[in-house]
Amino acid sequence: MTVTGFFPGSFDPVHRGHLDIVARALGLVDTLVIGVGVHDGKKPLFPAEERIKLLEDGVAVLAEKAGKKFAIVPFDNLAVDAARENGAQIIIRGLRDSADYNYEARMDGMNAEMAPGLETVFFNASPQTRHIAASLIRQIAEMGGDVTHFVPENVAEALQKKFGT
Ligand code: ADP
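> Let's hear about helix α6 (residues 153–163): which residues, and what values?
For α6, the set of buried residues is N154, V155, A156, A158 and L159. In the segment just after α6, G164 is the residue with positive phi, at about 60°.

The structure is reproduced here in structure tokens:
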């Protein structure tokens with residue numbers, strides 16, 4: 001049996017912490033589908049099409065290195081439904097700290113009732129990238145700070161273009 005994993009998130013924008021989880025998840029699955037959330041009422045910095053484009057470069061390199069398949073898709077429904085629609089048997093999530101754990105444990109419990117059999121696999125964030133958060137990257141970039149430590153080159157360029165810094 002081949003295994004497909006679904007990694008949902010906002011990815012606004014993708015950063016090195018996300019790519020660390022992608023690299024490790026590719027070691028576990030045959031195909032990794034990354035779901036970029038499009039939710040009414042949540043105004044992102046980058047529209048979904050751009051978030052997908054920014055993900056593509058970094059993920060393609062990692063997937064080729066791992067010899068695995070990948071897809072990046074937008075979704076506007078429940079992660080469990082989007083996972084099923086994309087043929088996934090597992091959902092992938094990253095855990096940075098106890099705040100992530102508390103939220104994810106509740107979400108996992110509710111998902112288990114809504115979609116029995118669809119398991120969530122959690123990756124503990126790596127020490128080198130654990131501190132990275134998209135919300136802080138957006139703030140730093142807006143204030144003209146250097147975000148090159150935290151994001152791939154294409155994202156740093158996109159942020160520079162957006163804020164003219
Ligand atoms: P969401 O809005 O779903 O939290 P994010 O784009 O912020 O979307 O995160 C997507 C996934 O990536 C989540 O599982 C999150 O815990 C994980 N993640 C975010 N930042 C990091 C990081 N620095 N290291 C590891 N995982 C991370």
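> Could you give me a rundown of the side chain of H18, with the residues and numbers involved?
Structurally, the position occupied by H18 is in helix α1 (residues 16–26). Relative accessible area serves as the criterion here: at 16%, H18 is assigned to the buried category.

> I'd love a proper account of the site of the ligand, names of residues and values included.
If you check the shell around the ligand, you find 18 residues, and the closest are S10, F11, G94, T129 and I132. In isolation the ligand offers 540 Å² of accessible surface; the protein chains occlude 87% of this area. Listed by contribution, the elements that provide at least two residues to the shell around the ligand are β1 (4–9), α1 and β4 (90–95). Considered class by class, the residues forming the shell around the ligand number six nonpolar, seven polar and five charged.

> Which residues make up helix α2 (residues 48–66), and what values do they have?
End to end, α2 covers 26 Å across 19 residues, agreeing with the expected 27 Å (1.5 Å per residue, within 8%). The sharpest bend along α2 reaches about 35° and sits at E56.

> Before we move on, can you summarise the pairing of β1 with the specific residues and values?
Most of β1 is tucked away, with six of its six residues classed as buried. Burial along β1 is two-sided: the residues T4, F6 and P8 and G5, F7 and G9 are all buried. In terms of strand pairing, β1 meets strand β2 (residues 31–37) through six bridges, oriented parallel. Each residue of the ladder has a partner; that of F7, found in β2, is I34. Strand direction decides the pairing type here: β1 and β4, joined by two bridges, are parallel. Counted as the bridge partner of G5 is I90 from β4.

What counts and how
Residues numbered from 1 in each chain as written. Predicted model: local features only at pLDDT ≥ 70, side-chain atom pairs only at ≥ 80, totals over all residues. Heavy atoms only, no water. Buried < 20%, exposed > 50% of the residue type's maximum accessible area, 1.4 Å probe, protein only. Helix = DSSP H or I, 4+ residues; strand = E, 2+ residues; numbered from the N terminus. Near = heavy atom within 4 Å. Areas by Shrake-Rupley, 256 points an atom, 1.4 Å probe, with all protein chains shown as cover. Nonpolar A, V, L, I, M, F, W, Y, C, P; charged D, E, K, R; others polar. Expected span 1.5 Å × (residues − 1). Bend = angle between axes of the 7 residues up to and from the residue. Pairing = 2+ DSSP bridges.

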